[in-house]
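Okay, here's what each chain looks like letter by letter:
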Amino acid sequence: MKPLESLVRKNILKLKPYSSARNEYQGKEAKVFLDANENPYNTPFNRYPDPLQRDLKERLSEIKKVSADTIFLGNGSDEAIDLMYRVFCDPGADNVVAMEPTYGMYRVCADINNIEYRPIQTDADYQPDVESMLRAVDDNTKLLFFCSPNNPSGNLVKRDLLEHALNKFQGIVVVDEAYIDFANCKSFIHSLDRWPNLVVLQTFSKAWGCAGLRLGTAFANTSIISLMNKVKYPYNVNMLTQQQALTQMENHHKVEEWVSSILSERSRLIKSFEELDICERIYPSDANFFLVRVVDADKIYNYLVDNGIIVRNRSRILLCGNCLRVTIGQPEENSQLLESLKKY
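What you are looking at is a predicted structure, and each value in this text was computed from that prediction instead of being measured.

1. Let's talk about the sheet that holds strand β6 (residues 198-203)
Moving on, step 1. Strand order in the open sheet formed by 7 strands is β1-β7-β6-β5-β4-β2-β3, with mixed pairing between adjacent strands. Each edge of the open sheet is held by one strand with a lone partner, namely β1 (71-75) and β3 (116-121). Averaged over all pairs of adjacent strands, the angle between strand axes in this sheet comes to 25°, irrespective of strand direction.
Moving on, step 2. Here 4 bridges tie strand β2 (residues 95-100) to strand β4 (residues 141-147), and the two strands are oriented parallel to one another. If you follow Ala98 over to β4, its bridge partner there is Phe145.

2. Focus on the nonpolar core
Moving on, step 1. In this structure, Phe146, Phe273, Phe290, Val292 and Leu337 are the most contacted members of the largest nonpolar core, which totals 67 residues.
Moving on, step 2. Top contributing element to this core by residue count: helix α11 (residues 253-274), with 6 residues.
Moving on, step 3. Among all residues touching Phe273, those that are not within four sequence positions of it are Cys279, Ile282, Phe290, Val292, Val326, Leu337, Leu338 and Leu341.
Moving on, step 4. Residues Val96, Tyr117, Cys147 and Ile224 belong to the second largest nonpolar core, which totals 34 residues.

3. Considerations on unusual backbone geometry
Moving on, step 1. Following Thr43, the chain continues into Pro44 via a peptide bond in cis, with omega recorded as 0°.
Moving on, step 2. Of note, Pro44 is situated in the loop between α3 (21-24) and α4 (54-64).
Moving on, step 3. Cis geometry is found at the peptide bond from Glu100 to Pro101, where omega equals 10°.
Moving on, step 4. Secondary-structure assignment places Pro101 in the loop between β2 and α6 (105-112).

4. Concerning the side chain of Lys64
Moving on, step 1. Looking at where Lys64 falls in the secondary structure, it is placed in helix α4.
Moving on, step 2. Look at Lys64: it is buried, it has no salt bridge, and the nearest opposite charge is Asp181 at 4.3 Å.
Moving on, step 3. For Lys64, the side chain forms a polar contact with the side chain of Gln202, separated by 2.7 Å.
Moving on, step 4. The residues contacting Lys64, other than those within four sequence positions of it, are Asp181, Ile189, His190, Gln202 and Phe219.

Conventions we followed
- Residues numbered from 1 in each chain as written.
- Predicted model: local features only at pLDDT ≥ 70, side-chain atom pairs only at ≥ 80, totals over all residues.
- Heavy atoms only, no water.
- Pairing = 2+ DSSP bridges.
- Helix = DSSP H or I, 4+ residues; strand = E, 2+ residues; numbered from the N terminus.
- Axes fitted to C-alpha atoms, helices over the stretch in contact; angles between N-to-C directions.
- Core = buried A, V, L, I, M, F, W, Y, C linked by side-chain atoms within 4.5 Å.
- Buried < 20%, exposed > 50% of the residue type's maximum accessible area, 1.4 Å probe, protein only.
- Contact = heavy atoms within 4.5 Å.
- Lys, Arg positive; Asp, Glu negative; His and termini not counted.
- Salt bridge = Lys/Arg side-chain N within 4 Å of Asp/Glu carboxyl O.
- Polar contact = N/O pair within 3.5 Å; in protein donor to acceptor, adjacent residues only side chain to side chain.

Okay, here's the thing in structure tokens:
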């Protein structure tokens, strides 16, 4: 990759980050806190949270088997995505390249930050055309975005394609692994030493069942993590989220049970969908959802809404004409969906 300094926005390199009160006494014991203009009453909610979420990162590092200083925690994965733009991309000048179709927030964050977004169509099986993506790169391309397993298609991106991109692209490669816990493969978080230009995104929203906490993670080498911490807002992860995430991680064995149940139900749903007259094609899934092409997505979607069942209509997305995206629910929810479709 290019030297990191040449990829980072010049104003970010020069930036002096906000120094929070909780950072200034780091490494020393304290019992009386009169530094942050906090209300002395209503413990513990009167205190600002740890701005670097140290306890949470240490526990997560044990579970993920990576160093704590390679972890960034944010207000959902969307904060980490946005920080990629704010750290590396000069508005009105730089660009990013991404596979298409994929998660819509990559483009939204590009538009918000006034960064040119260059989508490159996948093949019919939703595998990225990495060579075409690399041909779309120029001197102002700072980021490549991959989602694996991909949303909305559900499939893993072939590892050799991602490795090819990491080896050839001189900028930052972002691999979004939001659904990785549902896939039978090794995460790229264990390859950070091999590729200094790699940023891996994960989340507590999916397998961990904590979408309401809004807690996303990014894994990268320490230099990139330091830049993200430099730019983020000081107290970006609130106290309640940090506390609940720690509690959740004490019961992390539950995640394996949930994933096992979801995968079993995914198989049941897919098999049942194959027997429905409305079903034209089901795409292979490595996620907690699957994409299905039906005879009339708009009509079927509205029928399900009228029956109090909500799926996602992806018909307006590239390569997803007449497709619905179905999230795997609890067994009784999945059965309600099937019973409704049998009556369609």
